[in-house]
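As a plain string of letters, each chain reads:
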Amino acid sequence: MIPQTGMTRALLIAAAVGATLAACNRDQDRQAPAAANAGQPAAAVTTAEAAAPMAYETKTPFANVSLTLPVAIKSQGDLHAALYAEEVRKLRQFVEGAQADRTEAGGDAGLPPFENAVTITGAAETGKLLSLKRVAFDYSGGAHPNTLTSGILWDKALKRRIGFSDLFKRGADTSVLDQALCSAINTAKRARSPGSAGLTLGGAGADWSCPKASATEFVLTPGDQSGKAAGLTFLIGPYQVGPYSDGAYEIAIPASAFRSLLSTPYIGEFGGNLAKAGDVTPTATPAI
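The sections below set out a description of the structure shown in this document.

Read from one edge of the open sheet, four strands run 7-8-9-10, paired in antiparallel fashion. Because the sheet does not close on itself, it has two edges, and the strands there are strand 7 (217-222) and strand 10 (278-279). Summarising the sheet, strand 8 (residues 229-236) and strand 9 (residues 249-254) pair through six bridges and their orientation is antiparallel. Each residue of the ladder has a partner; that of Gly-231, found in strand 9, is Pro-254.

On to the sheet that holds strand 6 (residues 160-162). Within a sheet, each strand pairs with its neighbour through backbone hydrogen bonds, oriented either parallel or antiparallel. Read from one edge to the other, the open sheet built from six strands follows the order 1-2-3-4-5-6, with strand pairing classed as mixed. Each having just a single partner strand, strand 1 (55-59) and strand 6 make up the two edges of the open sheet. Each strand axis lies, on average, 25 degrees off the axis of its neighbour in the sheet, ignoring direction.

Take the pattern of salt bridges next. Any two side chains of opposite charge can pair, on the condition that their charged atoms come close. Scanning all chains against the criterion turns up ten salt bridges. Close ionic contact of Glu-86 with Arg-161 constitutes a salt bridge, the shortest N to O distance being 3.4 Å. Residue Glu-86 is found in helix 3 (residues 77-104), and its partner Arg-161 is found in strand 6; the two are separated by 75 residues along the sequence. Take Glu-86: its relative accessible area is 26%, and that puts it in the partly exposed class. The partly exposed category is assigned to Arg-161, whose relative accessible area is 39%. Taken together, the shared-partner salt bridges in this structure form one network comprising Glu-86, Glu-87, Lys-90, Arg-134 and Arg-161.

Both strand 1 and strand 2 (residues 63-68) contribute to a ladder of five bridges, which runs antiparallel. Within strand 2, the residue paired with Tyr-56 across the bridge is Leu-67. The turn joining strand 1 and strand 2, which pair antiparallel and follow one another in sequence, is formed by three residues.

With that settled, the discussion passes to empty space enclosed by the protein. Under the defined criterion, the tally for this structure stands at one cavity of 30 Å³ or more. Computed from the structure, the largest cavity encloses a volume of approximately 50 Å³. Lining the largest cavity are Thr-147, Leu-148, Thr-149, Leu-235, Ile-236, Gly-237, Pro-238, Ala-248, Tyr-249 and Glu-250. Those elements that provide at least two residues to the lining of the largest cavity are strand 5 (146-155), strand 8 and strand 9. Counting residues per element, the lining of the largest cavity draws most heavily on strand 5, at three residues.

Calculation rules
Residues numbered from 1 in each chain as written. Predicted model: local features only at pLDDT ≥ 70, side-chain atom pairs only at ≥ 80, totals over all residues. Heavy atoms only, no water. Pairing = 2+ DSSP bridges. Helix = DSSP H or I, 4+ residues; strand = E, 2+ residues; numbered from the N terminus. Axes fitted to C-alpha atoms, helices over the stretch in contact; angles between N-to-C directions. Salt bridge = Lys/Arg side-chain N within 4 Å of Asp/Glu carboxyl O. Buried < 20%, exposed > 50% of the residue type's maximum accessible area, 1.4 Å probe, protein only. 1 Å grid on protein atoms, 1.4 Å probe; cavity = no way out; pocket = protein on both sides within 12 Å on 5 of 7 lines; lining within 4 Å. Points joined across faces, edges and corners; volume = space filled by probe spheres on them.

None of this, on its own, says anything about what the molecule does.
In structure tokens form, the structure reads like this:
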């Protein structure tokens, strides 16, 4: 028979050994997943994913603002991060301005919060270029809200935004494109407002005139050839070529009207035919 003191000591030793073995087993259990994943790289987090989400929204008693970005921008990390930062900065300034304006006015007179909603969508993409369409709905307490549309053109290789002067040859005479745009605007105006006076370029003394292509927002327009732009769609805001009641215009011009004017690096980005030329203004755009 083992003495009680010896028995107690044996039990304590057995318990200690059991605890040690259990601890070893737990350590092995914890290490097993790591061992199973050994040699496999962790999922990479891109700069764009880390620095620029796909949406932003803030609501305050003074203003509601939002930003929505397109899936197409995910592949262009530099553009994604820069555009998100730029748009969010402007939206925050809008909120601060709304608060200051309404506070200084001594109240909101029962007005709802101001609103600024920016929606950016993909317009077209070619081998070298990504074209985005920016629609900004703005209500700042006036008689009515406004919707302004603009274009963003990104050179994927150069990793920078470009404009009309980059897309076309330096010093090119773009008067042919100006005339094509003006003619299409007049056709659209007659269809929308029968009997409306025709516009001319310059239009000295007239209430409205045709804008020059180089001074007008635009996006690339896809056609029937994948990876090519078949033309340009010019984005013309309300009041620009007619009364507010006429609304905005989006006018598509085929590449055949300006191909010879394109800068050499971008000639190959255009090809195919437009599904429709002339007035291609969406019928379900936000109210303006």
